[in-house]
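Understanding the architecture of this molecule
Letter by letter, the chains look like this.
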Amino acid sequence: MNLLQFPATQPRSLQDMRATLPHAPQTLEETGLSTTFLVELVGKTMFQLGLTRLTELSAQLCLAGTVVEAVCLFMRRESLLEVTRRGQHEADVQFDLTQAGRARAAEWLTRSSYVGAAPVPLEVYTERVRAQSVTNQAITANQVHAAFADLVVPERLIDLLGTAVNSGRPILLHGPSGSGKTYLAERLQRLVTGAVAIPYAISVHGEVIRVFDAQCHCPLAPDGAPRAALDNRARPDARWVLCERPCIVSGGELTLEMLDLSFDGRAGYYEAPPHFKANNGLFIVDDLGRQVISPRQLMNRWVVPMERRHDHLMLRNGGKFTIPFDMVLVFSSNLRPAQLEDAAFLRRLGHKIAITAVSQADYALIFERACTAEGIAHDPAAFQALVDGYHQPQGRPLLACYPRDLLHLIASRARYLEVPAKLSVELLDWAWQAYFGNEALIEAASEPGSPS
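Presented here is an overview of the structure given in this document. (Residues numbered from 1 in each chain as written. Predicted model: local features only at pLDDT ≥ 70, side-chain atom pairs only at ≥ 80, totals over all residues. Heavy atoms only, no water.)

**Some details on the side chain of Lys 181**
What counts, and what does not: Starting at the N terminus, helices and strands are each numbered in turn, a helix being any DSSP run of H or I of at least four residues and a strand any DSSP run of E of at least two. We call two residues in contact when some of their heavy atoms are within 4.5 Å.
Tracing the backbone shows Lys 181 in helix H10 (residues 181-187). Residue contacts for Lys 181: discarding those within four places in its chain leaves Leu 173, His 174, Gly 175, Pro 176, Ser 332, Ser 333, Asn 334 and Ile 355.

Here it is as structure tokens:
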């Protein structure tokens, strides 16, 4: 799995999103977590930190000082905690675990070593995902054309992609290898923009599931506003991270096991699966049909989530719960739709878009831009020689990936030979043979009557 960066969010939308974040809970009840759970979380945190000030505990747990102070007061009554120093104001208090508290904290850590931001209840998470649903965005033709203005994409295809994203239905991009399916799928992130709130973790039946992942989520830069006081009710809930809408790409490594909760037996908590982390964003399944699992197995797993927009997950104790399945789901495949062999799956794909060879005019423009990217002077005559002397005689389609790949080979070869990188006959022929030569030999050897 990997993260794709989104364009920066406009300041106005960022400020609006911060204003809609939940307010920080001011009481134990408002956290949605049990006192027992919070006591254990405070105890484990202090076991690792040692002598701890109230403000440090508040920052570690991402909870208001009033909440943490209430937990500490309860722990003092239970002889688990003691005050070692008091400062000049209420927040300047230093705590330490008692001997009994350290023993209990060590026991709690053996069950779960999760220490960090207090989790958010599942119900609150579900409500937030629905409020910031990716389907709430209304994408217009003008926005789509502006987003793809710097790319060489036929207008008809741009309109198909924009309509598909706007519908919120799953999308299948299919076509030959090198036609640009993955490239276009990843560029759909330009249409799925905005800020969303991602919790560090959620709580389900007393279990912790980590959701925020630095590899999958891109936090937005702080707005520079002054930090509110510990007990300021206007302060946003710090258990949430304001991020760009996620864009996660999964390739051939995807397995059925990866689509379920991953429990770390040593750590004692769960890791959310990739489609869970992709909620409110874009999830791309690249190279469909090249995974260890078959397309049929994958679709059987997702046929209900795609239809009903929610998924069911199961804890290690057998407890089941429901999470939102809110994302623009894109499949990219070299297979034709008919080769997927699952009518139920095909019916649930709202859009099946073929990505094929480009026109010669578009191919020329892609070639010219690739020359600029590689620092090679563009030569229209050399381009025409490429089309007439190589593509047409060998029946090679004009696929969008070829200019970039061929010109990169030319630039690499020129550096090796210590000669200027240019579209000479020698370098162009060398790049073509290096790119297609082995393939041509294999094809020739496979023909009937060829020597073994």
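**Thoughts on the sheet that holds strand S9 (residues 207-210)**
As a reminder of what qualifies: Think of it this way: DSSP has to see at least two bridges between two strands before they count as a pair.
As summarised here, the arrangement of the 5 strands in space is S5-S8-S9-S13-S12, forming an open sheet in which the pairing is mixed. Among the strands making up the open sheet, the edge pair consists of strand S5 (120-121) and strand S12 (262-264). As defined by bridge partners, S5 adjoins strand S8 (residues 201-204) across 2 bridges and the pair is classed as parallel. The partner of Pro 121 across the bridge, within S8, is Ser 203.

**As for the sheet that holds strand S3 (residues 81-86)**
The condition is simple: Fitting a line to C-alpha atoms yields each axis, with helices limited to the stretch in contact; the angle taken between N-to-C directions then spans 0 to 180 degrees.
With antiparallel pairing, the 3 strands of this open sheet are ordered in space as S2-S4-S3. Of all strands in the sheet, those bounded by a partner on one side alone are strand S2 (52-53) and S3. Sheet analysis places S3 next to strand S4 (residues 93-97), joined by 5 bridges and oriented antiparallel. Bridging across to S4, Leu 81 finds its partner in Leu 97. Running at roughly 120° to S3, helix H5 (residues 65-77) makes contact with S3 and S4 of the sheet.

**Thoughts on the packing of aromatic side chains**
In plain terms, the rule: Only Phe, Tyr and Trp rings take part, Trp by its six-membered ring, and two of them pair if their centres are within 6.5 Å. Stacked means planes under 30 degrees apart, edge-to-face means over 60, and tilted covers everything else. Exposure categories follow from relative accessible area, calculated using a 1.4 Å probe and restricted to protein chains: below 20% of the type maximum is buried, above 50% is exposed, and the middle band is partly exposed. Here, a charge over a ring means that NZ of Lys or CZ of Arg falls within 6 Å of the ring centre while also lying within 35 degrees of the ring normal.
A full pass over the atoms with the stated rule returns 14 aromatic pairs. Arranged with centres 6.3 Å apart and planes meeting at 55°, the rings of Trp 302 and Phe 331 form a pair that is tilted. Remark: Phe 331 occurs in strand S17 (residues 327-333) and Trp 302 occurs in helix H12 (residues 295-308); sequence separation between them is 29 residues. Taken as a pair, Trp 302 and Phe 331 share a single burial class, namely buried. One aromatic cluster in this structure is built from Tyr 390, Tyr 402, Trp 432, Tyr 435 and Phe 436. In this structure, Arg 187 is placed above the aromatic ring of Tyr 183, and the distance from its NZ or CZ to the ring centre is 3.9 Å.

**Concerning helix H7 (residues 122-131)**
How we decide: Arc definition: it is the arc formed by the directions from the helix axis to the C-beta atoms.
Turning to H7, its buried residues number three or more, namely Leu 122, Tyr 125, Thr 126, Arg 128 and Val 129. For H7, the angular spread of the buried residues around the axis is 165°, confining them to a single face. In this structure, H7 carries Glu 123, Glu 127, Arg 130 and Ala 131 as exposed residues pointing more than 90 degrees from its buried face.

**As for helix H3 (residues 35-49)**
Keep this limit in mind: What a helix is expected to span follows from its residue count: subtract one and scale by 1.5 Å.
With 15 residues, H3 extends 21 Å between its outermost C-alpha atoms, agreeing within 8% with the 21 Å of an ideal straight helix rising 1.5 Å per residue. Turning to H3, its buried residues number three or more, namely Phe 37, Leu 38, Val 39, Glu 40, Leu 41, Val 42, Gly 43, Lys 44, Thr 45 and Met 46. With its phi angle positive at about 80°, Gly 50 sits one or two positions after the end of H3.

**Some thoughts on the pairing of S8**
Each regular strand displays side chains that alternate between the two surfaces of the sheet. Burial along S8 is two-sided: the residues Ala 201 and Ser 203 and Ile 202 and Val 204 are all buried. One ladder, built from 4 bridges, connects S8 with S9; its direction is antiparallel. Bridge pairing in S9 places Ala 201 opposite Arg 210.

**With respect to the pairing of S9**
Count of turn residues in the S8/S9 antiparallel hairpin: 2 residues, of which His 205 carries a positive phi of about 50°. For S9 and strand S13 (residues 269-271), the ladder comprises 2 bridges, and the chain directions are parallel. If you follow Ile 209 over to S13, its bridge partner there is Tyr 270.

**Here's the deal with the environment of Phe 276**
Its place among the elements puts Phe 276 in helix H11 (residues 274-277). On the basis of relative accessibility, which here comes to 1%, the residue Phe 276 falls in the buried class. Separated by 17 residues in the primary sequence, Phe 276 and Leu 259 place their C-alpha atoms 8.5 Å from one another.

**Brief notes about empty space enclosed by the protein**
Selection criterion: Of the two site types, the cavity is a set of points on a 1 Å grid over the protein atoms alone where a 1.4 Å probe fits but cannot get out, and the pocket is an open set with protein on both sides within 12 Å along at least five of seven lines, each lined by residues with an atom within 4 Å of a point. Grid points are joined across faces, edges and corners, and a volume is the space filled by probe spheres set on the points. Each residue receives one of three labels: charged for Asp, Glu, Lys and Arg, nonpolar for Ala, Val, Leu, Ile, Met, Phe, Trp, Tyr, Cys and Pro, and polar for the others, Gly being one of them.
Taken as a whole, this structure holds 3 cavities of 30 Å³ or more when the rule is applied. Size it by volume and the largest cavity reaches roughly 70 Å³. Around the largest cavity sit Gly 168, Arg 169, Pro 170, Pro 305, Met 306, Arg 309, Phe 325, Met 327 and Leu 329, which together line it. In the lining of the largest cavity, the residues fall into 6 nonpolar, 1 polar and 2 charged. In this structure, the second largest cavity encloses a volume near 50 Å³. No other element matches strand S7 (residues 195-199), which puts 3 residues into the lining of the second largest cavity.

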